[in-house]
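# Remarks on the overall topology
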Amino acid sequence: MTAPLPVQPTTTDPSRLATPLPPAFQRLAGANLAAQSAEQVSLAAVPMVAVLALGAGPGQIGLLHTVQSLPFLLLAIPLGLLADRQSRRRLMVVAESLRALSLAALLLGTTTGQLSLLLLGLLGFIGAAGTVGFSVAAPALVPALVPRGALGVANSRLELARSIAYAGGPALAGALVGWAGGGLAFALATGLSLAAVALLVRLPEPARTPAPARHPWLELKEGAAQAWQHRLLRPILLTAVAWNLSWFVLQAAYVPYAMRSLGLDAQAVGFTLAAYGVGMVLGALAAPRILGALPFGTVVVLGPLCSVLAMATMAASLLWPAGALAGASFFLFGAGPILWTISSTTLRQTVTPPALLGRVSAIFLTVNMGARPLGAALGAAVGAQWGAGACLLLALAGFGLQALVIIASPVRTLAALPAHAA
């Protein structure tokens, strides 16, 4: 039996929301905003262009999501090992440059009329490889840039920037695609990605003691043991797997479902997707106050419960077809799970030793985000065989499962953050 972990009062109280964070972190937050905005504009534009210009259906959109998600499964662990041995800032610069290159190629393919589903999938794979490098290195770098007591506030700020991207990116992409096709949307995404690179190049990174040379397999086993054997990290890992599987079942079906069954045009689809970002913004703004007012474990559980409500709202559109229900569903998907992201990331950074942060982040990314191609493939198969409605019901069952996993775990009973790992 594992001994109870000591706890400390959570330092994320409402008064810290306005606390200035170090300039280095502010530069990271700016790069994160630009990179996330580039990603969201392109992710929203690609399926719209595929449906409008190439006549893609649920099965093909699901396959696109599958291909674009594979780098999370294939590359996160190698890049996580690299992040614990090399400069995390340098890894982020290279990764974001790769994404900018893929977006520029998408722009070229669109303007020259050479667009195809194969090209969308290939360039999406390359761009997602850049996303993986950024996503592994960023959370591992944050504890080196801000005091440990400010981790909750720093994560809230990063998630607020990401939320703004989610709120503005899809709506802007929908408007641009509806007005001028995909070219302008991809041009904007390329510019934003290049801006992120420019910010990252000048980001100062504190020096780290070089790790002793060891076989990569031993380092991977050490990170995996921390992620899987820790009594608080394992239920977070399993909950996130179920969430991502369910989310990508929904993603495989949503755009064709919204356009064909709900009668929404590209701009209206963009606005429903933007409701996700609006919910994220409001949730991120409220997160420090919620973390200060409620027991920590209660905050962690709120996100999974809200996801069940969100998916039930989307499923209700099968009975009452209305774009407003879809928009409300995405709003709830943004407002609740952002609390999960902030609180679970803060917990992971707190209980993981600094030398393991890159590997543990990579393992979480591999397992959690690696579930995406599986969910997308499942959604593609179910959508092709039984239609979008079956995908919605399957996703509802999956979100119910992820809520049960975290409710039954010791995370739910945490009154405050555990003591920091050495």
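Just so it is clear, the structure is predicted and the values come from calculations on it, not from any experiment. (Residues numbered from 1 in each chain as written. Predicted model: local features only at pLDDT ≥ 70, side-chain atom pairs only at ≥ 80, totals over all residues. Heavy atoms only, no water.)

### Some words on the overall build of the protein
Summing up its helical and strand segments, the protein has 15 helices and 0 strands in all. Its C-alpha atoms give the protein a radius of gyration of 20 Å, near enough to 22 Å, the size a compact globule of 422 residues would have. If one aligns the C-alpha atoms of the protein with their principal axes, the spans along those axes are about 55 × 45 × 40 Å. Across the 422 residues of the protein, 57% fall into the buried class. Across the protein, every contact between residues at least 6 apart in sequence was considered, and the portion connecting residues at least 24 apart equals 88%. Put simply, the protein shows about 16000 Å² of open surface, and 71% of that area lies on carbon and sulfur atoms. Distance between charge centroids for the protein: 4 Å, based on 22 positive and 9 negative side chains. (Helix = DSSP H or I, 4+ residues; strand = E, 2+ residues; numbered from the N terminus. Rg over C-alpha atoms; globule rule 2.2 N^0.38 Å. Buried < 20%, exposed > 50% of the residue type's maximum accessible area, 1.4 Å probe, protein only. Contact = heavy atoms within 4.5 Å. Areas by Shrake-Rupley, 256 points an atom, 1.4 Å probe, with all protein chains shown as cover. Lys, Arg positive; Asp, Glu negative; His and termini not counted. Charge placed at Lys NZ, Arg CZ, Asp CG, Glu CD.)

### Observations regarding the side chain of S42
Looking at the element boundaries, S42 is found in helix α1 (residues 23–54). Overall, the relative accessible area of 10% leaves S42 in the buried class. Residues contacting S42, with those up to four places away along its chain left out, are L103, F186 and A189.

### Things to note about the packing of helix α6 (residues 151–180) against helix α13 (residues 337–351)
Between α6 and α13, the shortest axis-to-axis distance is 9 Å and the interhelical angle comes to 140 degrees. Taken together, the axes of α6 and α13 are oblique relative to one another. Relative to α13, the crossing made by α6 is right-handed. Contact residues: α6 offers L151, G152, N155, S156, E159, R162 and S163, while α13 offers I338, T341, I342, T345, T346, Q349 and T350. Along the lines of polarity and charge, the residues of the contact of α6 with α13 split into 3 nonpolar, 9 polar and 2 charged. (Axes fitted to C-alpha atoms, helices over the stretch in contact; angles between N-to-C directions. Parallel < 35°, antiparallel > 145°, perpendicular 65-115°, else oblique. Left-handed = near helix turned anticlockwise from the far one by under 90°. Nonpolar A, V, L, I, M, F, W, Y, C, P; charged D, E, K, R; others polar.)

### What about the packing of aromatic side chains?
Counting across every chain of the model gives 9 aromatic pairs. Relative to F330, the ring of Y254 lies with its centre 4.8 Å away and its plane at 75 degrees, an arrangement referred to as edge-to-face. Placement of the pair is Y254 in helix α9 (residues 233–260) and F330 in helix α12 (residues 323–335), with a sequence separation of 76 residues. Just as Y254 is buried, F330 falls in that class too. For the ring pair F330 and F333, a centre distance of 6.5 Å and an interplane angle of 50 degrees mean the geometry is tilted. Pair noted here: F330 and F333 are both in helix α12, with a separation of 3 residues, about one helical turn. The pair F330 / F333 is uniform in exposure class, with both members buried. Above the face of the W228 ring, R234 is positioned so that its terminal group lies 5.0 Å from the ring centre. When the ring centre of F364 is taken as origin, the NZ or CZ atom of R348, which lies over that ring, is 5.0 Å away. (Phe/Tyr/Trp six-rings, centres within 6.5 Å; stacked < 30°, edge-to-face > 60°. Lys NZ or Arg CZ within 6 Å of the ring centre and 35° of its normal.)

### Quick word on helix α4 (residues 88–111)
Between the first and last C-alpha of α4 there are 35 Å, a value that for 24 residues agrees with the 34 Å anticipated at 1.5 Å per step. A side-chain oxygen of the first residue of α4 lies 3.4 Å from the backbone nitrogen of R89; this N-cap is S87. Where α4 terminates, the next one or two residues include G113, which has phi positive at roughly 75 degrees. (Expected span 1.5 Å × (residues − 1). Polar contact = N/O pair within 3.5 Å; in protein donor to acceptor, adjacent residues only side chain to side chain.)

### With respect to the pattern of salt bridges
Throughout the structure, instances matching the rule amount to 4 salt bridges. The residue R99 makes a salt bridge to E39 at a minimum N-O spacing of 3.7 Å. Of this pair, R99 sits in helix α4 while E39 sits in helix α1, placing them 60 residues apart in sequence. Note on E39: relative accessible area 14%, which makes it buried. (Salt bridge = Lys/Arg side-chain N within 4 Å of Asp/Glu carboxyl O.)

### Regarding α13
Here α13 is 15 residues long and its end C-alpha atoms lie 21 Å apart, about the 21 Å a rise of 1.5 Å per residue gives. Within α13, 14 of the 15 residues are buried, which leaves it mostly tucked inside the rest of the structure.

### Observations concerning the confidence of the model for the protein
Detailed reading of predicted coordinates is not advised where the pLDDT is low. In the predicted model, the protein carries a mean pLDDT of 82, and the fraction of residues at 70 or more is 92%. Predicted confidence for residues 1–18 stays below pLDDT 50, and this span has 42 contacts to residues more than four positions away or in other chains. (pLDDT = per-residue confidence, 0-100.)

### Considering the nonpolar core
Judged by nonpolar contacts, the single largest core of 86 residues is most densely connected at W247, L250, Y254, V269 and F333. Among the elements that take part in this core, α9 stands out by supplying 15 residues, more than any other. Look past the residues within four positions of W247 in its chain and what remains in contact with it is Y276, F330, F333 and F399. By size, the runner-up hydrophobic cluster in this structure holds 37 residues, among which are A24, A76, L145 and L203. (Core = buried A, V, L, I, M, F, W, Y, C linked by side-chain atoms within 4.5 Å.)

### Notes on the environment of G358
Examined against the element boundaries, G358 turns out to sit in helix α14 (residues 357–386). On the accessibility criterion, G358 (0% relative accessible area) is buried. For the pair G358 and L79, spaced 279 residues apart in the sequence, the C-alpha separation amounts to 8.3 Å. Those residues in contact with G358 that lie beyond four places of it in its chain are G80, A83, D84, R88, V136 and A140.

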